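# Overview (structure and organization)
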Amino acid sequence: MSKPELSVLAALALELAPGAEPGKTALGVAAAGELAGLVSRDLARLVPEAAGLDFALVAGLFDPVELLRPGWPLHAELERLVARAPGATGGRVVGFGADEAGLPEPLRPSAEFAGGPLKLLPVLLRGAPGAVAPVGERLEQVLLDTGMAGADTALLAQSGFAVPVEHARLLTLNDLAAMMAMQYEHAGLAPLWPLLEAALLSPGDVQWLDAPPEPLAVYENGGVRMALLDIDAWAEGGFAPADADAERLSRAFDRFQMRQRQLAAVLGAHGVPVTFDHCPAGRDPRTVLAE
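Residues numbered from 1 in each chain as written. Predicted model: local features only at pLDDT ≥ 70, side-chain atom pairs only at ≥ 80, totals over all residues. Heavy atoms only, no water.

Glancing now at the sheet that holds strand β9 (residues 274-278). Overall, mixed pairing links the four strands, which are arranged β6-β7-β8-β9 in an open sheet. The two strands at the open ends of the sheet, each matched to only one other strand, are β6 (207-209) and β9. Each neighbouring strand pair of the sheet contributes to a mean axis angle of 25°, computed without reference to strand direction. Here strand β8 (residues 223-228) runs beside β9; their pairing, made up of five bridges, is parallel. (Pairing = 2+ DSSP bridges. Helix = DSSP H or I, 4+ residues; strand = E, 2+ residues; numbered from the N terminus. Axes fitted to C-alpha atoms, helices over the stretch in contact; angles between N-to-C directions.)

Right under this line is the structure:
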């Protein structure tokens, strides 16, 4: 996985009780430091060598889409702040919390994604490459199966954010990506995942979504281009149901346009820009997008 240099990217995942809404979206500075200490301890219990690395946590509640973005911007900012923090490197534990003005702007959860039962606190481990690499490899092996947070960690998060927490566990961003891929599959969004995966993990690649009746799209050069079709071009391009009368075709085309907007909205939430390229009737939309 592409990531900021010298770092392991992870998160504390809080599964909230159904319908519960946090009383707070960020902890104060003192509580952030306390929670960081507990999470650092939890990681060191699983991989003792982690205790020799710098540890940082943002004590704010983020939606998965805010962590799974090209370039990992939240973790990149966290890595930058840890690199600038005073003191000797190696074993520092830093919790970033909110002052009277809230969390720093680059580390502030978006109100747009405030809902949802799964909330994440960004976590980063930083150190010399020779120390970071084996810790990262070991965490990838063990966190998904054994990464439950300590009971006191979960209770502190529950009381601090004033919300019932059903489960608290530690994940690498690879674990989180795999979890989101499964959730998108269950939500009927599996065709979208290869585009998002390319944007996250292989930004230099070209990845097509060409699976009618799904919208036609291509990821390239950091963004997604989606074919904008009128009903004639849509029918010519092989996206329409066969042997449908005019009324059924019209309804199917409306659903196709709604699906386009849905996919574009999900990609946009993940920070992947989407542009629509008009593809007129009489031209193969695949050729238009390939130009």
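Next comes the rest of the write-up.
What follows concerns the nonpolar core. Formed by 48 residues in total, the largest nonpolar core has its most connected members in Leu67, Leu176 and Tyr184. Once residues lying within four places of it in the same chain are set aside, the contact partners of leucine 176 are Pro64, Leu67, Leu68, Leu120 and Leu171. Ranked by size, the runner-up nonpolar core spans 36 residues in total, among them Leu121, Val142, Phe161 and Val163. (Core = buried A, V, L, I, M, F, W, Y, C linked by side-chain atoms within 4.5 Å. Buried < 20%, exposed > 50% of the residue type's maximum accessible area, 1.4 Å probe, protein only. Contact = heavy atoms within 4.5 Å.)

The subject of this paragraph is the side chain of serine 40. Position of serine 40 relative to the elements: it lies in helix α1 (residues 29-46). Look at serine 40 and you get buried, because its relative accessible area is 15%. For serine 40, the contacting residues outside a window of four places in its chain are Phe55 and Val93.

Our next topic: α1. Here α1 spans 26 Å end to end across 18 residues, near enough to the 26 Å set by a 1.5 Å rise per residue. Of all the residues in α1, the buried ones are Ala32, Leu35, Ala36, Leu38, Val39, Ser40, Asp42, Leu43 and Ala44. (Expected span 1.5 Å × (residues − 1).)

For strand β1 (residues 7-16), a buried count of nine out of ten residues is recorded, marking the element as mostly surrounded by other parts of the structure. Where β1 and strand β4 (residues 118-126) come together, nine bridges link them in antiparallel fashion. Paired with alanine 11 across the two strands is proline 122, which belongs to β4. Inspection of the sheet shows β1 paired to strand β5 (residues 165-172) by seven bridges, in the antiparallel sense. Bridging across to β5, glutamate 15 finds its partner in histidine 167.

Moving on, we get to the packing of aromatic side chains. When we look at a pair of aromatic rings, we describe it by the centre distance and by the angle of the planes. As enumerated under the stated definition, the model contains five aromatic pairs in all. Relative to tryptophan 193, the ring of tyrosine 184 has its centre 6.0 Å away and its plane inclined at 70°; by these criteria the two rings are edge-to-face. The exposure class assigned to tyrosine 184 is buried, which follows from its relative accessible area of 9%. Residue tryptophan 193 is classed as buried on the basis of its relative accessible area of 11%. Aromatic side chains phenylalanine 253 and phenylalanine 256 sit 6.4 Å apart centroid to centroid with 15° between the ring planes, which places their arrangement in the stacked category. With phenylalanine 253 and phenylalanine 256 both in helix α9 (residues 246-269), this residue pair falls three residues apart, about one helical turn. One aromatic cluster is present, built from ring pairs that chain together Trp234, Phe239, Phe253 and Phe256. (Phe/Tyr/Trp six-rings, centres within 6.5 Å; stacked < 30°, edge-to-face > 60°.)

A separate point is the pattern of salt bridges. Enumeration according to the criterion identifies 13 salt bridges in this entry. Among the salt bridges present, the one from arginine 286 reaches aspartate 210, with a minimum N-O distance of 3.1 Å. Taken together, the residues arginine 286 in helix α10 (residues 285-290) and aspartate 210 in the loop between β6 and β7 (217-220) connect sequence positions 76 residues apart. Close ionic contact of arginine 251 with glutamate 247 constitutes a salt bridge, the shortest N to O distance being 2.9 Å. Here the residue arginine 251 and the residue glutamate 247 both occupy positions in helix α9, the gap between them amounting to four residues, near one helical turn. Classification of glutamate 247 by relative accessible area gives exposed; the value is 55%. (Salt bridge = Lys/Arg side-chain N within 4 Å of Asp/Glu carboxyl O.)

To continue, consider the sheet that holds strand β2 (residues 54-58). Across the sheet, which stays open at both edges, the five strands sit in the order β3-β2-β4-β1-β5 with mixed pairing between neighbours. Lying at the two open borders of the sheet, with one neighbouring strand each, are β3 (93-96) and β5. If you compare each strand with its neighbour and ignore which way they point, the axes differ by 20° on average.

Another aspect to go through is unusual backbone geometry. Across residues other than glycine, the phi torsion is negative in most instances, and most of the peptide bonds are trans. The omega angle of the peptide bond from proline 212 to proline 213 is 10°, so this bond is cis rather than trans. Its identity as a non-glycine residue notwithstanding, asparagine 221 has a phi of 55°, on the positive side. You can see asparagine 221 is positioned in the loop between β7 and β8. Judged by its relative accessible area of 75%, asparagine 221 is exposed.

One can find aspartate 175 in helix α6 (residues 173-186). A relative accessible area of 7% places aspartate 175 in the buried class. Put simply, aspartate 175 and leucine 139 are 36 residues apart on the chain and 10.0 Å apart in space, counted from C-alpha to C-alpha. Each residue touching aspartate 175, except ones within four places of it in the same chain, is listed here: Glu140, Leu143 and Leu144.

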